[in-house]
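Descriptive analysis of the structure
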Amino acid sequence: ALGLHCNPIVGDRAMNVLKLYQTCVAYPMGKQAFSLMFCMKAPYFWTIRPLVEELKPGKSVVSMPHRRMTCNHIGTQHAIACCNLVEMAMGCVVEASLPKHLRWLPRGMEVEYKAKAVGTLTATSEID
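The text that follows walks through the structure, step by step, so that each part is easy to find. (Residues numbered from 1 in each chain as written. Predicted model: local features only at pLDDT ≥ 70, side-chain atom pairs only at ≥ 80, totals over all residues. Heavy atoms only, no water.)

A short note on the sheet that holds strand S2 (residues 59-64)
Which entries qualify depends on this criterion: Strand pairing is assigned whenever DSSP detects at least two bridges linking the two strands. Only DSSP runs of H or I with at least four residues qualify as helices, and only runs of E with at least two residues qualify as strands; both kinds are numbered from the N terminus onward. To get an axis, a line is fitted to the C-alpha atoms, and for a helix only the part in contact is used. The angle between two axes follows their N-to-C directions and goes from 0 to 180 degrees. The contact criterion used throughout is that any non-hydrogen atoms of two residues lie within 4.5 Å.
The strand order across the open sheet built from three strands is S1-S2-S3, with neighbouring strands paired in antiparallel fashion. Where the open sheet ends on each side, the last strands, each with one partner, are strand S1 (51-56) and strand S3 (121-126). The sheet shows a mean angle of 10° between the axes of neighbouring strands, direction not considered. Pairing analysis gives six bridges linking S2 to S3, with the strands arranged antiparallel. Within S3, the position partnered with Ser60 by the bridge is Ser125. Against the sheet, helix H3 (residues 79-97) contacts S1, S2 and S3, and its axis sits at roughly 150° relative to S2.

Details of the layout of surface pockets
Cut-off, in case you're wondering: A pocket here means an open set of points on a 1 Å grid, computed over the protein atoms alone, that has protein on both sides within 12 Å along at least five of seven lines. A cavity is instead a set of points where a 1.4 Å probe fits but cannot get out; residues with an atom within 4 Å of a point line either one. Grid points are joined across faces, edges and corners, and a volume is the space filled by probe spheres set on the points. Throughout, the ten residues Ala, Val, Leu, Ile, Met, Phe, Trp, Tyr, Cys and Pro are labelled nonpolar, Asp, Glu, Lys and Arg are labelled charged, and all others, Gly among them, are labelled polar.
Considering only enclosed or pocket space, the largest pocket measures out at about 390 Å³ in volume. In this structure, the largest pocket is lined by 20 residues; those nearest its centre are Ala79, Cys82, Tyr113, Ala115 and Ala117. Among the elements that line the lining of the largest pocket, the one with the most residues is H3, at five residues. Each residue belonging to the lining of the largest pocket can be placed in one class, and the counts come to 12 nonpolar, five polar and three charged.

This is the structure in structure tokens:
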């Protein structure tokens, strides 16, 4: 047990992501705890075992380890696992930056396969 007392429900809002992150990272294994809680809200993200490395208004950094479960038939990171990582990074930064009275939904994603992805991958999402 980490002894964290983080409540992901704030008023009507599903979660106050930035406040939750700031609370969690004050504790040992806080980034891991926050990442797990974020995935509990959006379970599909857990398939890549993400770690939210940094989160602040306007910026998020999320990584995923190279695991057999996220690999394709040639042993590299699957393109859709990479998309999952990017979507999580984008979701984190938007949730941390958007005023509480607004909601958002992703409308699309364009993907180009430029190179094989191997090893731990990191996605950085920044907004103005």
